[in-house]
Amino acid sequence: MRRAADWTSRTRRQNPPDSPFAGLLTSDCFNDGENYLDSHRHIVGFDFWNLRGMLCTADAARILGRDADAAELQKESADYRQAIETAWK
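Computed from a predicted structure; not experimentally measured.

(A) Examining the packing of helix 1 (residues 2-11) against helix 3 (residues 67-88) more closely. Remark: helix 1 packs on helix 3, axes separated minimally by 11 Å, with the N-to-C direction vectors making an angle of 35°. Handedness of the helix 1/helix 3 crossing: left-handed. Contacts between helix 1 and helix 3 involve Arg2, Ala5, Thr8 and Ser9 from the first element and Asp69, Glu72, Leu73, Glu76 and Tyr80 from the second. Counted by class, the contact of helix 1 with helix 3 contains 3 nonpolar, 2 polar and 4 charged residues.

Structural data, given as structure tokens:
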């Protein structure tokens with residue numbers, strides 16, 4: 001779970017800071033497994049699923065007593081959520 005959350009954290013930072021999708025997953029066919037949009041648009045639904053996975057990973061870390069990991073993932077989740085909010089506005 002942690003490796004998946006870390007992948008999301010790295011991947012969402014690949015868009016340029018001035019992009020309308022800064023802080024979100026990249027718009028490429030690797031993220032769009034069905035290649036619905038042929039890499040020309042962003043599917044924000046993938047970001048919601050990845051955000052949910054990150055929140056679940058934070059919960060798992062907390063339950064396992066890995067408080068530092070849980071806090072880090074909670075902060076990353078909050079930053080990710082803010083990026084989603086910014087992008088749709």
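(B) Just the pattern of salt bridges, in detail. One pass over the full model with this rule turns up 8 salt bridges. Its salt-bridge partner being Arg2, residue Glu72 comes within 2.9 Å of it at the nearest N-O pair. Here Glu72 is found in helix 3, whereas its partner Arg2 is found in helix 1, with 70 residues between them in sequence. For Glu72, a relative accessible area of 47% corresponds to the partly exposed category. One salt bridge connects Arg12 with Glu76, and the closest N-O pair in it is separated by 2.8 Å. Pair noted here: Arg12 is in the loop between helix 1 and helix 2 (44-63) and Glu76 is in helix 3, with a separation of 64 residues, a long-range link. Among the charged side chains, a salt-bridge network with shared partners connects Arg2, Asp6, Arg66, Asp69 and Glu72.

(C) The arrangement of helix 2 in detail. The end-to-end C-alpha distance of helix 2, which contains 20 residues, comes to 29 Å, matching closely the 28 Å that a straight helix rising 1.5 Å per residue would cover. Buried within helix 2 are the following residues: Asp47, Leu51, Met54, Thr57, Ala58 and Ala61. Buried positions in helix 2, seen along its axis, are confined to an arc of 120° and lie on one side of it. In helix 2, the exposed positions angled more than 90 degrees off the buried face are occupied by Trp49 and Ile63. The inward-facing, buried residues of helix 2 abut helix 1 and helix 3.

(D) Inspection of the nonpolar core at higher detail. Ala5, Leu24, Leu25, Leu51, Met54, Ala58, Leu73, Tyr80, Ala83 and Ile84 form the largest nonpolar core, which has 10 residues in total. Elements that contribute at least two residues to this core include exactly helix 2 and helix 3. Tallying contributions element by element places helix 3 first for this core, with 4 residues. Here Ala58 is in contact with Ala70, Leu73 and Gln74, once residues within four sequence places are set aside.

Cut-offs applied
Residues numbered from 1 in each chain as written. Predicted model: local features only at pLDDT ≥ 70, side-chain atom pairs only at ≥ 80, totals over all residues. Heavy atoms only, no water. Axes fitted to C-alpha atoms, helices over the stretch in contact; angles between N-to-C directions. Helix = DSSP H or I, 4+ residues; strand = E, 2+ residues; numbered from the N terminus. Left-handed = near helix turned anticlockwise from the far one by under 90°. Contact = heavy atoms within 4.5 Å. Nonpolar A, V, L, I, M, F, W, Y, C, P; charged D, E, K, R; others polar. Salt bridge = Lys/Arg side-chain N within 4 Å of Asp/Glu carboxyl O. Buried < 20%, exposed > 50% of the residue type's maximum accessible area, 1.4 Å probe, protein only. Expected span 1.5 Å × (residues − 1). Arc of directions from axis to C-beta. Core = buried A, V, L, I, M, F, W, Y, C linked by side-chain atoms within 4.5 Å.

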